[in-house]
Number of protein chains: 2
Amino acid sequence: MVAHDGETLFLVRQPREPVNDPALLELPAGKLDEEGEDALDTAKRELAEEIGKGARTWRKLTSFYTSPGFADEECHIYLATDLFDQSAEAIEDERIEIVEVPLSDLDHVIQECRDSKTLVGLLWLRAFLPSR
Amino acid sequence: MVAHDGETLFLVRQPREPVNDPALLELPAGKLDEEGEDALDTAKRELAEEIGKGARTWRKLTSFYTSPGFADEECHIYLATDLFDQSAEAIEDERIEIVEVPLSDLDHVIQECRDSKTLVGLLWLRAFLPSR
């Protein structure tokens, strides 16, 4: 999800062996791998586990296929705002590092971004939510 | 690549079995599968083969990984403008259909789009190239 509090954007860095990157910058995200959990519930769980935040406002931005030529992976992007502290037991990979970025640096982050879902989410914010 | 002539955006539809879509809307694109061919040469070849156009102006927009959690696929996005007719022998899949969209419909196309590289390219156009 794209999570921000009006001033700060919350991203993560984590190692991504398939592309040989030790610290790829990405949106907080997770797989729909818990039984009966829908995409929004997954996003809420991951925001708490990875960033230690909850959000009072959730808005669906878009859904898309990451690599429709050879994979069926689908990605759902939400905007999470009106954040509050909400920690959760992180059963996640401990190699995830939280990265706080000023929203004023959004264009720079987009220029440097190398992950498809993150580009879609941040470009959507840049294109359609100028009052961020 | 994002290819437009100032009024019309040139996209394609093609069947994508992995996601069970008989006509997924995408940017014209191709794999770097010809020996010694770089990403820009691939884009030029695909624009001619899929759309029947050449472009006098090419601009690199970005590169990114489509699914860095499990695949090493990298995607390079170019902007192709100042178009002219230039057909090429299409050794491509004949199931590709050209879709011409007015640039004034860009926001609607983005809302409907389900392909990651296409969303990145069109959102980049929407966010950073307002004088399109």
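Before reading on, note that the structure itself is shown above.
Residues numbered from 1 in each chain as written. Chains lettered and ligands numbered in written order. Predicted model: local features only at pLDDT ≥ 70, side-chain atom pairs only at ≥ 80, totals over all residues. Heavy atoms only, no water.

## Some thoughts on the interface of chain B and chain A
Here is step 1 of the chain: In this complex, chain B contributes 30 residues to the contact, which on the side of chain A involves 30 residues.
Here is step 2 of the chain: There are 0 salt bridges connecting chain B and chain A.
Here is step 3 of the chain: On inspection of chain B and its partner chain A, the count reaches 16 residue pairs in polar contact (both at pLDDT 80 or more).
Here is step 4 of the chain: For the side of chain B that touches chain A, the secondary structure elements donating two or more residues are β4 (53-65), α2 (106-112) and α3 (116-128) of chain B.
Here is step 5 of the chain: Take the side of chain B that touches chain A: its biggest share by element is 8 residues, from α3 of chain B.
Here is step 6 of the chain: Its residues assigned to classes, the side of chain B that touches chain A comprises 16 nonpolar, 7 polar and 7 charged. (Contact = heavy atoms within 4.5 Å. Salt bridge = Lys/Arg side-chain N within 4 Å of Asp/Glu carboxyl O. Polar contact = N/O pair within 3.5 Å; in protein donor to acceptor, adjacent residues only side chain to side chain. Helix = DSSP H or I, 4+ residues; strand = E, 2+ residues; numbered from the N terminus. Nonpolar A, V, L, I, M, F, W, Y, C, P; charged D, E, K, R; others polar.)

## Overview of the pairing of strand β3 (residues 21-26) of chain B
All names here are of chain B.
Here is step 1 of the chain: In this structure, strand β2 (residues 8-16) lies alongside β3, joined through 4 bridges in antiparallel fashion. Bridge pairing links Q14 to L24 in β3.
Here is step 2 of the chain: Linking β2 to β3, which pair antiparallel, is a turn of 4 residues; within it N20 sits at a positive phi near 60 degrees. (Pairing = 2+ DSSP bridges.)

## A few points about the state of the cysteines
All names here are of chain A.
Here is step 1 of the chain: Under the criterion given, the structure shown has 0 disulfides over all chains.
Here is step 2 of the chain: The cysteine C75 is free of any disulfide, with C113 supplying the nearest cysteine sulfur at 12 Å.
Here is step 3 of the chain: The exposure class assigned to C75 is buried, which follows from its relative accessible area of 12%. (Disulfide = S-S within 2.5 Å. Buried < 20%, exposed > 50% of the residue type's maximum accessible area, 1.4 Å probe, protein only.)

## A short note on the relation of the copies chain B and chain A
Here is step 1 of the chain: Superposition of chain B onto chain A requires a rotation of 180 degrees combined with a translation of 0.0 Å along the rotation axis, giving an RMSD of 0.0 Å. Here the symmetry operator amounts to a two-fold rotation axis. The rotation axis passes nearest to the C-alpha of A127 of chain B in chain B, at a distance of 2.2 Å.
Here is step 2 of the chain: When the interface residues of chain B are mapped onto chain A, 100% of them again fall at the interface, so both copies present the same face. (Least-squares fit on C-alpha atoms with pLDDT ≥ 70 in both.)

## A few points about the packing of aromatic side chains
All names here are of chain B.
Here is step 1 of the chain: Tallying each qualifying case throughout the model produces 4 aromatic pairs over all chains.
Here is step 2 of the chain: Look at W58 and Y78: their rings are 6.4 Å apart centre to centre, the planes differ by 80 degrees, and that puts the pair in the edge-to-face class. Residue W58 is found in strand β4, and its partner Y78 is found in strand β5 (residues 74-85); the two are separated by 20 residues along the sequence. (Phe/Tyr/Trp six-rings, centres within 6.5 Å; stacked < 30°, edge-to-face > 60°.)

## A look at the environment of E46 of chain B
All names here are of chain B.
Here is step 1 of the chain: Inspection of the secondary structure puts E46 in helix α1 (residues 39-51).
Here is step 2 of the chain: By relative accessible area, E46 is classed as buried at 3%.
Here is step 3 of the chain: Taking C-alpha positions, E46 is 12 Å from Y78, a pair spaced 32 residues apart along the chain.

Such coordinate-based values are descriptive only and should not be taken to indicate function.
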